[in-house]
Amino acid sequence: MTDGRTIIKTTCPRDCYDSCGMNVILEGGRIRQITGDTSHVMSRGSLCGKCALAYNGAWIDPQQRLTFPLKRVGKKGAGQFARVSWDQALDEIAERLQAITGGGGAERIIHTHYTGTCSAIAGVFPVRFFKRIGATEVDPDTVCNKAGHEALRLTIGNSFEGFDPRVTQDAACVVVWGANPSASAPHVHKHWLPETAARKIVIDPIAHATARQADLYAQPRPGSDAALAFALMNAVVEAGLADMGFVARHVIGWDAIEADVRATTPERGEALTGVPAALIRDIAVLYAKGPSLMWLGQGVQRQKMGGNAFRAIAALCALTGNIGRKGAGILYLNGPATRGVNMDYVVAPQLAACESKIISHMDLAATLGDPAKASALFCWNNNIVASSPQQALLRSSLMREDLLHVVTDLFATDTVDYADYVLPAASFLEFDDVLFPYFHNAVSAVVKVMEPAGECLPNQDIFRRLSQKMGYNDTELFEPDKQIIDVLLAQAGWTKGFDELAKIGTIFPAAEPATQFADLNFSTPSGKIEIASQQAVQAGYPLAPFPHADDEPMNGKLRVLSPASEWTMNSSYANDTKIRGRLGHAVVLLNPEEASARRVLDGMLVELANNEGRLQLTARLSSDVPRGVALVHKGRWPKHDPNGANVNVLNPGVKTDIGESTSVHGIEADLRIASQ
Ligand SMILES: Nc1nc2c(c(=O)[nH]1)N[C@H]1C(S)=C(S)[C@@H](COP(=O)(O)OP(=O)(O)OC[C@H]3O[C@@H](n4cnc5c(=O)[nH]c(N)nc54)[C@H](O)[C@@H]3O)O[C@H]1N2
Ligand SMILES: Nc1nc2c(c(=O)[nH]1)N[C@H]1C(S)=C(S)[C@@H](COP(=O)(O)OP(=O)(O)OC[C@H]3O[C@@H](n4cnc5c(=O)[nH]c(N)nc54)[C@H](O)[C@@H]3O)O[C@H]1N2
Ligand code: SF4
Ligand SMILES: [Mo]
């Protein structure tokens, strides 16, 4: 306490690589300011622009929050509600659920959730309820990163135990392939990358701020990464830098791709990807000499052949022996297991009478439209109308009068507008929790700094209450937060309790970073890196990756890329008054030559259209964007836009080659001028 002010440390639990430590400054018991924790490895005293605005704005403003349980009084989709008590809402929901389960229809209860908060309890505990009731789960990762996870699981056995980001001091080279930290991980961009002496390679169709700071930057056409990886392997072999000893000892299946590698010369690679052959050779040499770190972003695998691309890149890592030695490795995500934590404990799968049914996000809209498949939908930590594909079909499915639709959120999102019942959730500032960041192998305290707004309840309390209304008596459904936190901290080796952790904010259970795959033992069937994978064949995928590049769009169509916006976190924050001001009118960024060829001038209103839908946008010219690409950032709220839609109205929800995941960066659309 200083000057009547108290500073409480907590952690930002957004779906963000940075997991910033925060300082909440209280004066007279009220929040005066929320800012970055100066002692935190990532935030170093400042939050990103979007959180600095939203946490001091919409998140702590009861006028902008949902504060009471609501019941629909108007037409579906109209967002007209009356206030009801928690008891009334939960009694009525329980009654409807019992009618569904009583008729043997538990699987027709669908629940969709994602990363509204990534903290362990509010992010996962409600799954216990859905396990118990026997609901169908919409596999969350299928809207984000499943293709990459599956491809890495097949090849190296595990996609959740990447290199420790603290090992950069031992690396000569860091590759950022298909990620845009300048938007999606602002502190990684600002501190982690600039502070390493390693040379940086960025591979991305957009010349974003991180790409512009790289030592070598390759700008492949979207969906051509597998061909690029093969051309790089060819150049590695050509330069005599292939580590064939490593391949002989630790890899199976080199022979399955060798002919394709030989055929994919850098010149052929240039034709397939647009990356100059000389640059392919330079990148190959720098990466192969190593030791090199490969950070695989999520953008690469959000392509129709995204799984193949990941398998091809992993083969490049293997060919160069950049795995299992100091300063080398692959990072997709770091899951809680890298801190000794078993999240199955929070999920409690034993509550399920039989294995839970899972569907892909790509099938959500159609499933919800079918009464034989869906009788109820629970949407928590997830704003499907803004974030999921097939926006128009999804809306029409949500209009079904006979579909019980329950949403729990902090704000009145587009998804909330379709709900029968709205259950107001407490934000991470309003209860204690723990976070296992997915970039750094840290453990962080998420600390209550204020009372819940209105009658808001944390997700976990909402589902404890609903469990009670359902008449369940399984102890797991009522396990208190404090006990869960103690168990999780003990698993992570922290024995001093939550209050001590809260004083520090963030700890690293392992004082020193370990080398990833140091034992060179991979959790694949053979124990080796499997470039060729029988598991893949059994799942109906090709034996090995191949040098695929998507065809370029035909008939003047553009490739629509819709990655992370600097000002929103997925759709979160897009409702905050100040952030709405920053976002302005929806924009499409076009290459100046592309625009000029189409007679589009900066500031013109244009329309993107395909078989799925149409969207009007203001054209902005940017040489960061290559020809053939329309860049439209994700995350706007459809109802705040004159279109009544965002970019996902163009998203047909085509599944990736592996993992039934999203190929959202594979969308194509026509562009026309809407007005002069
Ligand atoms: N500010 C902000 N931060 C976020 C988010 C947000 O919405 N806003 N979202 C969070 C979430 S949920 C996630 S999953 C992560 C995602 O963050 P990232 O891993 O950075 O993924 P994306 O933003 O989808 O896209 C990253 C890059 O992939 C590129 N890309 C697209 N297609 C291809 C391709 O075919 N090949 C290659 N090489 N690159 C391609 C895009 O041009 C883009 O620059 O960010 C998290 N952080
Ligand atoms: N076009 C396009 N679409 C995309 C992507 C893309 O690259 N392009 N990226 C995809 C990706 S990577 C992802 S991960 C998905 C993410 O999509 P979503 O999971 O829908 O992410 P958000 O839009 O942030 O929605 C999370 C919701 O949770 C709410 N929330 C926050 N905290 C809490 C809480 O404690 N309790 C409850 N109940 N609610 C809370 C927020 O208010 C917000 O409405 O979007 C996908 N959609
Ligand atoms: S969203 Fe990311 S960058 Fe912004 S404060 Fe949270 S953790 Fe930090
Ligand atoms: Mo994501």
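I will try to describe carefully the structure that is included in this document. (Residues numbered from 1 in each chain as written. Chains lettered and ligands numbered in written order. Predicted model: local features only at pLDDT ≥ 70, side-chain atom pairs only at ≥ 80, totals over all residues. Heavy atoms only, no water.)

1. Brief notes about the site of ligand 3
The environment of ligand 3 is made up of Cys12, Arg14, Cys16, Asp18, Ser19, Cys20, Leu47, Cys48, Lys50, Cys51, Pro186 and His187. Among the cavities detected, the one that contains ligand 3 is the largest cavity. Breaking the shell around ligand 3 down by element, the ones donating at least two residues are helix 1 (49-55) and helix 7 (186-195). (Near = heavy atom within 4 Å. 1 Å grid on protein atoms, 1.4 Å probe; cavity = no way out; pocket = protein on both sides within 12 Å on 5 of 7 lines; lining within 4 Å. Sits in = over half its atoms within 2 Å of the grid points. Helix = DSSP H or I, 4+ residues; strand = E, 2+ residues; numbered from the N terminus.)

2. A word on the site of ligand 2
With respect to spatial proximity, 31 residues lie near ligand 2, and among them Asn383, Ser387, Asp409, Ser571 and Ser572 are the closest. A distance of 2.9 Å is found between a nitrogen atom of ligand 2 and a side-chain nitrogen or oxygen belonging to Asn648. Considering ligand 2 on its own, with 910 Å² of exposed area, one finds that the protein chains cover 98% of that surface. For the shell around ligand 2, the class distribution of residues is 11 nonpolar, 15 polar and five charged. (Polar contact = N/O pair within 3.5 Å; in protein donor to acceptor, adjacent residues only side chain to side chain. Areas by Shrake-Rupley, 256 points an atom, 1.4 Å probe, with all protein chains shown as cover. Nonpolar A, V, L, I, M, F, W, Y, C, P; charged D, E, K, R; others polar.)

3. Observations concerning the packing of aromatic side chains
According to the stated counting rule, one finds 23 aromatic pairs in the structure shown. Residues Trp295 and Phe439 carry aromatic rings whose centres are separated by 5.5 Å and whose planes lie at 55° to one another, so their mutual orientation is tilted. Of this pair, Trp295 sits in strand 12 (residues 292-296) while Phe439 sits in the loop between strand 18 (433-435) and strand 19 (443-446); the two residues are 144 residues apart in sequence, bridging distant segments of the chain. The residues Trp295 and Phe439 share a single accessibility class, namely buried. Ring centres 4.7 Å apart and planes at 50° place the aromatic pair Phe517 and Phe522 in the tilted group. Judged by its relative accessible area of 3%, Phe522 falls in the buried class. Three or more aromatic residues joined by ring pairs make a cluster, and in this case those are Phe129, Phe130, Phe378, Trp380, Phe463 and Tyr472. We note Arg464 situated over the ring of Phe125; from NZ or CZ to the ring centre the distance is 4.6 Å. The ring of Trp86 carries the charged tip of Arg465 above its face, separated from the ring centre by 5.9 Å. (Phe/Tyr/Trp six-rings, centres within 6.5 Å; stacked < 30°, edge-to-face > 60°. Buried < 20%, exposed > 50% of the residue type's maximum accessible area, 1.4 Å probe, protein only. Lys NZ or Arg CZ within 6 Å of the ring centre and 35° of its normal.)

4. Focus on the nonpolar core
The tendency in soluble globular proteins is for nonpolar side chains to be buried side by side. Formed by 55 residues in total, the largest nonpolar core has its most connected members in Trp177, Ile201, Met233, Ile257, Met294 and Leu296. A per-element tally of this core places helix 14 (residues 306-319) first, with 10 residues. Contacts of Ile201, omitting those with residues within four sequence positions, involve Cys173, Val174, Val175, Val176, Ala214, Leu216, Ile283, Leu286 and Tyr287. (Core = buried A, V, L, I, M, F, W, Y, C linked by side-chain atoms within 4.5 Å. Contact = heavy atoms within 4.5 Å.)

5. Concerning the pattern of salt bridges
Pairing of side chains with opposite charge becomes possible as their charged atoms draw close. The full count for this structure, using the stated rule, is 40 salt bridges. Arg65 is paired through a salt bridge with Glu430; the nearest N and O atoms lie 3.0 Å apart. Taken together, the residues span a long stretch of sequence, with Arg65 in the loop between helix 1 and strand 4 (70-72) and Glu430 in the loop between strand 17 (421-424) and strand 18 at a distance of 365 residues. Each of the two residues, Arg65 as well as Glu430, counts as buried. In this structure, Asp486 engages Lys482 in a salt bridge whose closest nitrogen and oxygen atoms are separated by 3.1 Å. (Salt bridge = Lys/Arg side-chain N within 4 Å of Asp/Glu carboxyl O.)

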